[in-house]
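Reading the structure
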There are 2 protein chains.
Amino acid sequence: MSTRAVRKEEEENLLRRADDLCRQNNLRLTPIRERVYRELVQSGGPVGAYDLVDRLSSDKKRLAPVTIYRALDFLRDAGLVHRLATQNSYVVSHGQPDVNAMKIMFVDSKTGETIEVHSTEVAEAVRKAAEQAGFKSVSPFMEVEGELNRQS
Amino acid sequence: MSTRAVRKEEEENLLRRADDLCRQNNLRLTPIRERVYRELVQSGGPVGAYDLVDRLSSDKKRLAPVTIYRALDFLRDAGLVHRLATQNSYVVSHGQPDVNAMKIMFVDSKTGETIEVHSTEVAEAVRKAAEQAGFKSVSPFMEVEGELNRQS
DNA sequence: TTATTTTTGATACAAAGTAGCAAAACGAAA
DNA sequence: TTTCGTTTTGCTACTTTGTATCAAAAATAA
Ligand SMILES: [Zn+2]
Ligand SMILES: [Zn+2]
Ligand SMILES: [Zn+2]
Ligand SMILES: [Zn+2]
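Quick summary incoming for the structure in this document. (Residues numbered from 1 in each chain as written. Chains lettered and ligands numbered in written order. Predicted model: local features only at pLDDT ≥ 70, side-chain atom pairs only at ≥ 80, totals over all residues. Heavy atoms only, no water.)

**Examining the pattern of salt bridges**
Going through the model one piece at a time under the given rule, you end up with 19 salt bridges over all chains. The partner of Arg62(A) in a salt bridge is Asp54(A), and the shortest N-O contact between them spans 3.0 Å. Note on Arg62(A): relative accessible area 57%, which makes it exposed. The partner of Asp108(B) in a salt bridge is Arg150(B), with the nearest N and O atoms 3.9 Å apart. Residue Asp108(B) is located in strand β3 (residues 102-108), and its partner Arg150(B) is located in the segment after β6 (141-148); the two are separated by 42 residues in the primary sequence. Look at Asp108(B) and you get buried, because its relative accessible area is 2%. Arg150(B) sits in the exposed class, given a relative accessible area of 53%. Put simply, Glu39(A), Asp51(A) and Arg55(A) are held in one network by salt bridges that share partners. (Salt bridge = Lys/Arg side-chain N within 4 Å of Asp/Glu carboxyl O. Buried < 20%, exposed > 50% of the residue type's maximum accessible area, 1.4 Å probe, protein only. Helix = DSSP H or I, 4+ residues; strand = E, 2+ residues; numbered from the N terminus.)

Written out as structure tokens, the structure is:
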């Protein structure tokens, strides 16, 4: 099977899982919301909101930014998409949401490429640090910039 | 000694240390850079760039945003100030820069209040996770949202 | 001094995100 | 099916955040 086909299959898996998740939680994965999610999935990386406006607009119909932002808000609330604050961009959340793990989004400083890793060790260490700081709970998501090993 | 006086003393410590740091590294802590840093120190928390514009502008002289952004860029490069990407704001870096520690900025989701904690445990756990993700190095700074214990 | 580099000022602009309200679509009753 | 309240979408305009550009000023070096 070609890597192209593999990716296509992964895309369909993500779409199906998003569909299931929404159905199970009585959330409505409406056409635009699905189109935004699909575009993020297909891009394979972080995409800016105004990029999504362009990509999902046709010559006939230009979407308003707020339409995209609303769809993104929905997808984020559903846990399907993360916002990368340092990049002003949005990226699909991979992996089953493991409640005890910290979801770390590593962002390559050069290219903006991201890789998501889940780690219970980091979660535990951050929880301890949070306690020190007087925080009772912390977000299970964080963003860390770094340099990707450039394998040519 | 009053807590007010204690804070004043802390402020002066930070200013002096910033001055020393710049002198030692041949960096120029010019008047406007120092004013921006001082304002951040005195505020005791994160402040937005345009807030700084207002606070440092007088009736006679209105500073241009770019002036503030340049000062902030300098201060960030010097390691004196952090940008909180999730809050679009800037905050002074506390603590001696311990090279082996992760500097975690906990941000209260409700108030925006921040507390900085340095942790070698988190640094180590993140480093391991980064290795998994194929990252050779990571930023020693991260931002985590959470809920502060509300001590009334 | 004179030349070179760095910093600041001023204007305009770009990019990211939101407010407000009306129309449309949807979902649950009746 | 019709009614009615709720949710979603479209549309316009607007706010907030951050930059590009180029000239003037200040600092540093020669
Ligand atoms: Zn939301
Ligand atoms: Zn995720
Ligand atoms: Zn810089
Ligand atoms: Zn710091």
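**Quick look at the environment of Thr120(B)**
Residues and elements named next belong to chain B. Topologically, Thr-120 is positioned in helix α5 (residues 120-133). Considered as a pair, Thr-120 and Asn-100 are 20 residues apart in the sequence and their alpha carbons are 6.0 Å apart. Every residue in contact with Thr-120, bar those within four places of it in the chain, is listed here: Asp-98, Asn-100 and Ala-101. (Contact = heavy atoms within 4.5 Å.)

**Observations regarding the interface of chain B and chain A**
Between chain B and chain A, the contact holds 32 residues from the first and 32 residues from the second. When the two sides are added together, the surface that chain B and chain A hide from each other amounts to roughly 2,600 Å², 69% of it contributed by carbon and sulfur. The tally of links between chain B and chain A comes to 8 residue pairs in polar contact (both at pLDDT 80 or more). Listing elements by their share of the side of chain B that touches chain A, those giving two or more residues are β3, β4 (114-119), α5, β5 (135-138) and β6 of chain B. Of all the elements, α5(B) adds the most residues to the side of chain B that touches chain A, at 8 residues. Partitioned by chemical class, the residues of the side of chain B that touches chain A number 17 nonpolar, 7 polar and 8 charged. Across 3 bridges, the pairing between strand β6 (residues 141-148) of chain A and β5(B) is antiparallel. Its bridge partner lying in β5(B), Gly146(A) is registered against Val138(B). (Buried area = accessible area lost by both parts, 1.4 Å probe. Polar contact = N/O pair within 3.5 Å; in protein donor to acceptor, adjacent residues only side chain to side chain. Nonpolar A, V, L, I, M, F, W, Y, C, P; charged D, E, K, R; others polar. Pairing = 2+ DSSP bridges.)

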